[in-house]
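The lines below spell out each chain.
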Amino acid sequence: MDKIELGSTGLEVSPLGMGVIQIGRRPWAESVEVVRGVMDLGINWFDTARAYGDTELRLGEALLGIRNEVIIMSKSHAHEPDLFRTHIDESLERLQTDYLDVLFFHGGGAIEEGCFLGPGGILEIAEDAVRAGKVRFLGFSAHRIELALKALDIPSVSVAMVPANFISREWIDGRFLPKAQAQGVAVLAMKPLGGGRITNAELCLKFLKTYPDLIPCIGIERVSEMAQNVRVWEEGALLTADDLAEMERIEELLGDRFCRGCGYCQPCPQGVPISTVAFASIFARQMTREKVLEMLVEPVEQARACIECGECVDKCPYDLAIPEMIKENIAFFEAFSQPL
Ligand code: SF4
Ligand code: SF4
C-alpha cells in the first residue's frame, strides 16, 4: 500500500493499520504469523496497549529483527505518575524495542486528573520520555468529545485515536475533526466496524474513505480479514445508492441503542457486564446460536441484578438508556434461549 503522512509527525504510515488486541485470542505462534502476514499486505503500523493482555509481548516477538520497518503505537492507562513511568519502561521491554513511535494517554482520562499537569505530572513524564528518545510522539485516545477537544489543546500531542464509523458520526461531522485537522493532529479511526457490531466491513471502509484525513485502525485476528480490508480500500469504490440505503437500515437497527463498547459506564455497583448484555440481540444476529448461548448465559444472569440506579446512565458519553436496554436484552435472551 502507498504510504501517507501521519499528520505533522513526518512518519509515513499505511492508510490502514492493525489493532492487535484480537490476536491475543489466537494461539501464540499463529498470532505472530498474523502480524507478519499483515506486513506482507503493506500494513506498517500496529496499535497495542499496556492494557491489552499479552499482545505487546506477541507483537514484540513478531517484529524482532524488523523493528525499523514498522511504526509501533502503545498506550498507558495509568492515572498515577509513577505507574505511567513504569508502563513506558514495561511496554518497551515487552515490545523488545528502545522506542515507541507513539505513546497514547489511553482513554484520555488521565488528562482530567490533578496529577496530569505540573511538575512531576503525567504529561511531564511523557514529554521527558520523548526527550530521552523512548517515545517519538504523544497521542491520546478518547470516547468523549469534550475530553478529546481539551486534549487537542495539549501542544505536545500529535496523534488522536477516536471512534469513527457511520454510526458514531458525531466525531467526524462535529467539531472534533476540523479542530484536529487545523492543528495538524493525525486522527486514527478506532472501532471502524463499530467494535465488531457492524458486520459489513466493506460498507464501513467505503464510508470512512470519504474522509481523506481519517486513518482507520482495524482490529483483526486473521490475515484474510486484513486482505479483504486492503482490497476494499485500494479498489476505492464509491458509496452507491444501495450502500446508503444499507447504512440507513443499520443505523435504524442500532440507532439510539448503539453501545460503543467503550466501558465508561463500568463498574456497575451490581456487577452487570453492561456492554455485553446491551448487545445481546445484535450478537445473536452475528454468531452461531451455540456461541451466543455460551457467551451470554452468565452475563444475562448477572444483568438480572440491575436495580435501575442510573449510575451507568450518568457515565455513558452517548446518553444511552442503559437500564431499558438491559431489560430488553434480558427479555430477548429469554426467548432466544428457549429450546428449538
Ligand atoms: S442501572 Fe443497572 S446496570 Fe446501570 S449501574 Fe445501576 S445497577 Fe448497574
Ligand atoms: S453503555 Fe455507554 S458507556 Fe457503556 S460501554 Fe456502551 S457506550 Fe460505553
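Cut-offs used in this document
- Residues numbered from 1 in each chain as written.
- Chains lettered and ligands numbered in written order.
- Predicted model: local features only at pLDDT ≥ 70, side-chain atom pairs only at ≥ 80, totals over all residues.
- Helix = DSSP H or I, 4+ residues; strand = E, 2+ residues; numbered from the N terminus.
- Expected span 1.5 Å × (residues − 1).
- Buried ≥ 20, exposed ≤ 12 C-beta atoms within 10 Å, placed from the backbone.
- Arc of directions from axis to C-beta.
- Contact = placed C-beta atoms within 7 Å.
- Near = placed C-beta within 6 Å.
- Nonpolar A, V, L, I, M, F, W, Y, C, P; charged D, E, K, R; others polar.
- Core = buried A, V, L, I, M, F, W, Y, C linked by C-beta atoms within 7 Å.
- Domains from an automatic or database assignment.
- Axes fitted to C-alpha atoms, helices over the stretch in contact; angles between N-to-C directions.
- Parallel < 35°, antiparallel > 145°, perpendicular 65-115°, else oblique.

1. Thoughts on helix α3 (residues 81–95)
Right, so step 1: Given a rise of 1.5 Å per residue, 15 residues ought to cover 21 Å, and the 21 Å separating the end C-alpha atoms of α3 matches this to within 8%.
Right, so step 2: Listed as buried for α3 are P81, F84, H87, I88, S91, L92 and L95. On an axial view of α3, the arc spanned by its buried residues comes to 130 degrees, and they lie on one face. In α3, the exposed residues that point more than 90 degrees away from the buried face are D82, D89 and E93.
Right, so step 3: On its buried face, α3 is in contact with α2 (55–62), β5 (71–76), β6 (100–105), α4 (122–131) and β7 (135–141).

2. Overview of the site of ligand 2
Right, so step 1: Residues in contact with ligand 2 amount to 14 residues; listed here are only the nearest, C259, C262, C265, S275 and C316.
Right, so step 2: Sorting elements by how many residues they give to the shell around ligand 2 places helix α11 (residues 274–278) first, with three residues.
Right, so step 3: Looking at side-chain class alone, the shell around ligand 2 contains ten nonpolar, three polar and one charged residues.

3. Description of the nonpolar core
Right, so step 1: Counting 106 residues, the largest nonpolar core has A160, V162, V187 and L188 as its most contacted members.
Right, so step 2: Each of domain 1 (4–239) and domain 2 (274–336) accounts for three or more of the residues forming this core.
Right, so step 3: If sequence neighbours within four positions are ignored, V187 has contacts with A160, V162, L177, A180, D213, L214 and I215.

4. Looking at the packing of helix α8 (residues 201–208) against helix α10 (residues 241–254)
Right, so step 1: At a minimum axis separation of 11 Å, α8 and α10 run at an interaxial angle of 105 degrees. Classified by the angle between their axes, α8 and α10 sit roughly perpendicular to one another. Between α8, through L203, K206 and F207, and α10, the contact on the second element is made entirely by D243, E246 and M247.
Right, so step 2: Here the contact of α8 with α10 is built from residues that sort into three nonpolar, no polar and three charged.

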